[in-house]
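Listed here are the chains, written in short residue letters.
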Amino acid sequence: MFEALDFIYVPVEDVDDAAKRYEETLGARLLWKVRGMGTVVARLQVSETGPAILLSGHLEGPRPILIYRVSDYSEAVYACGPRGSPTFARWRSPTAHVRASGLPAASG
């Protein structure tokens, strides 16, 4: 059902400071940073494989959102839905996201 974990969307208070810390302490590569609509989002890569890190100034709460690529969006929603697992949202199809506090917990 889940093909890959593509992004870890991380809420932070100061995107510029967090991006600098990721670069200095983890050796992450800053791929891009955008400012608009009252917030900042930065994409970093910490390894050649694995998910990209999206640092976000607009997410609420302390938990990251895991953004998975799925082979069939409707199938993934159906398979997880009855178990009280995540609410899914499309994000540039076919992906689904879940809050990361153990797998899976509801996300808005």
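In this text, all values refer to a predicted model and were calculated from it rather than measured experimentally.

Things to note about the overall build of the protein
Then comes step 1: Of the regular secondary structure elements, the protein holds two helices and six strands.
Then comes step 2: Secondary structure elements of the protein occur, N-terminal to C-terminal, as β-α-β-β-β-β-α-β.
Then comes step 3: Looking at the protein residue by residue over its 108 residues, the buried ones come to 40%.
Then comes step 4: In the protein, 56% of the contacts between residues at least 6 apart in sequence involve partners at least 24 apart.

Some thoughts on helix H2 (residues 73–80)
Then comes step 1: Residues of H2 that are buried include every one of Tyr 73, Ala 76 and Cys 80, and no others. Seen from one end, H2 has its buried residues packed into an arc of 65°, which puts them on one side. In this structure, H2 carries Ser 74 and Tyr 78 as exposed residues pointing more than 90 degrees from its buried face.
Then comes step 2: For H2, the N-terminal capping position is held by Asp 72, with its side-chain oxygen 2.8 Å away from the main-chain nitrogen of Glu 75.

Some thoughts on the environment of Asp 14
Then comes step 1: Considering the arrangement of structural elements, one finds Asp 14 in the loop between strand S1 (2–11) and helix H1 (15–26).
Then comes step 2: On the basis of relative accessibility, which here comes to 41%, the residue Asp 14 falls in the partly exposed class.
Then comes step 3: For the pair formed by Asp 14 and Gly 57, sequence separation is 43 residues and the distance between their alpha carbons is 6.5 Å.
Then comes step 4: Here Asp 16 takes part through its backbone nitrogen, which lies 3.1 Å from a polar atom of the side chain of Asp 14.
Then comes step 5: Reaching out from Asp 14, the side chain makes a polar contact with the backbone nitrogen of Asp 17 at a distance of 2.9 Å.

Some details on a nonpolar patch on the surface
Then comes step 1: Together, Leu 31, Trp 32 and Val 34 make up a nonpolar patch on the protein surface, roughly 250 Å² of accessible area in all.
Then comes step 2: Assignment of secondary structure puts Trp 32 in strand S2 (residues 29–36).
Then comes step 3: Classification of Trp 32 by relative accessible area gives partly exposed; the value is 35%.

Structural notes on the pairing of strand S3 (residues 39–45)
Then comes step 1: Taken across its seven residues, S3 has six buried, putting it largely inside the fold.
Then comes step 2: As paired strands, S2 and S3 are joined by seven bridges and run antiparallel to one another. Looking across to S3, one finds that Lys 33 is bridged to Ala 42.
Then comes step 3: The turn joining S2 and S3, which pair antiparallel and follow one another in sequence, is formed by two residues; a positive phi near 50° is taken by Met 37.
Then comes step 4: Strand direction decides the pairing type here: S3 and strand S4 (residues 52–56), joined by four bridges, are antiparallel. The residue bridging Ala 42 from the neighbouring strand is Leu 55, located in S4.

Criteria and cut-off values
Residues numbered from 1 in each chain as written. Predicted model: local features only at pLDDT ≥ 70, side-chain atom pairs only at ≥ 80, totals over all residues. Heavy atoms only, no water. Helix = DSSP H or I, 4+ residues; strand = E, 2+ residues; numbered from the N terminus. Buried < 20%, exposed > 50% of the residue type's maximum accessible area, 1.4 Å probe, protein only. Contact = heavy atoms within 4.5 Å. Arc of directions from axis to C-beta. Polar contact = N/O pair within 3.5 Å; in protein donor to acceptor, adjacent residues only side chain to side chain. Patch = residues over 30% accessible without salt bridge, like charges linked within 9 Å, V, L, I, M, F, W, Y side chains within 5 Å. Areas by Shrake-Rupley, 256 points an atom, 1.4 Å probe, with all protein chains shown as cover. Salt bridge = Lys/Arg side-chain N within 4 Å of Asp/Glu carboxyl O. Pairing = 2+ DSSP bridges.

So, to be careful, I would describe these as geometric facts and stop short of saying anything about function.
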